[in-house]
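Single-letter residue listing:
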Amino acid sequence: MRVVTTAQPRQDLDVQPSPLALLLLGREADPKSERGVECPGDLPAPSDPDLVERARAAKEKLGDKVFVLGHHYQRDEVIQFADVTGDSFKLARDAAARPEAEYIVFCGVHFMAESADILTTDDQKVVLPDLAAGCSMADMATAEQVAECWDVLTEAGVADRVVPVSYMNSSADIKAFTGRHGGTICTSSNAKRALEWAFDQGEQVLFLPDQHLGRNTAVRDLGMSLDDCVLYNPHKPNGGLTTEQLRGAKMILWRGHCSVHGRFSLDSVNDVRERIPGVRVLVHPECKHEVVSAADEVGSTEYIIKALDAAPAGSKWAIGTELNLVRRVANAHPDKEIVFLDKTVCFCSTMNRIDLPHLVWTLESLAAGNTVNRIEVDPETEKYAKLALERMLALP
């Protein structure tokens, strides 16, 4: 005979869910979520000591058939095999300038490979060594969410005077949406020109998907106030905004951010100034507004590299951008003190998915005649995304 007993709950226990449990259940928010993930220590060395030689051999076998692009945030083991390095748009243009290359291997993230496919010829094949190399910022704005936002703007009676401006760090779908609705793409270095152009076309701007770049450009470069900006949250009805707020705003900022640049805080700036007297703080415009306001200089990745190249020997710098780049420029300038702005080391986790094993597998597959991980943008999306990119290229 089986006896089943039912345990009675103890009345003296008051079990409360932990903050982490509530967060995982979606019932709480983490106010420090933009600080990113703490990643102390160095990246592990490649497990196979022969990988470097295998990559070199496969690349030599492919010859001029392959053109390897390396984003500044890539780890050194990958960068050493890049034919050119740069930011996302520079690399896409470099790819377009090499029509003789059958394969474009983009060591970056998914939206960058999409841009390269849009700008290259139909005969060229753009390859991403790891399809999981995405971008958390780009993923914060989906085509469905942005279409719903446009419906909200239409219902508020402002869509006909809103011009979308999308950051290069966005999916092909978002670039196509921008092209269809008369907008343009921008980079961190030409965001001011893009916004000036947009305000010549209309009265308001929908800025996608990085709220910080949009806010910093509007306030620092165009002289707007923070009150001119509202934040559209795609996870709330009507973006969490009233019709009056939508009608009164000059900048409608999408609630997106870079998880790497979002980690830097005002405390980071104050702390490094205490630790290193005379230090100059140089940050990327994807950082939060209070960080940008407290910095000595603000600029794109290319601006950061050029500023450090031109800096005098003996100068001290704290850099607020991705660690692989900071480490690389620090090693290139031993006569200057160059440190990471935040005490806690953090790489761009998605960018670092492109490692040497993935690159070797890609190159060896191509050398054997097998095209892997090809990134293809459908013709309709490409048509309008390219239109938005061409508007950017035509900016004065």
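Predicted model only: the values in this text are computed from it and were never measured.

(A) Spotlight on the state of the cysteines. Applying the stated criterion across every chain yields a total of 0 disulfides. Free of any disulfide, C287 has its nearest cysteine sulfur in C258, 8.2 Å distant. According to the relative accessible area criterion, C287 is buried, its value standing at 0%.

(B) Representation of the sheet that holds strand β5 (residues 162-167) within the structure. Strand order in this open sheet of 5 strands is β6-β5-β7-β9-β8, and the pairing throughout is parallel. Every interior strand has two partners, whereas the edge strands, β6 (184-186) and β8 (229-232), have only one. For this sheet the average axis-to-axis angle between neighbouring strands, irrespective of direction, equals 25°. Taken together, the 5 bridges between β5 and strand β7 (residues 204-208) define a ladder with parallel strand orientation. Looking at the pairing, P164 lines up with L206 of β7. Across the sheet, helix α9 (residues 211-221) lies against β5, β6, β7, β8 and β9 (251-254), angled at about 155° from β9, the strand it touches most.

(C) Geometry of the environment of G256. Tracing the backbone shows G256 in the loop between β9 and α11 (266-275). Under the relative-accessibility criterion, G256 is labelled buried at 0%. Taking the C-alpha atoms as reference, G256 lies 9.5 Å from L231; in sequence the two are 25 residues apart. Once residues within four sequence positions are removed from consideration, G256 is found in contact with M140, P209, D210 and Q211.

Parameters at a glance
- Residues numbered from 1 in each chain as written.
- Predicted model: local features only at pLDDT ≥ 70, side-chain atom pairs only at ≥ 80, totals over all residues.
- Heavy atoms only, no water.
- Disulfide = S-S within 2.5 Å.
- Buried < 20%, exposed > 50% of the residue type's maximum accessible area, 1.4 Å probe, protein only.
- Pairing = 2+ DSSP bridges.
- Helix = DSSP H or I, 4+ residues; strand = E, 2+ residues; numbered from the N terminus.
- Axes fitted to C-alpha atoms, helices over the stretch in contact; angles between N-to-C directions.
- Contact = heavy atoms within 4.5 Å.

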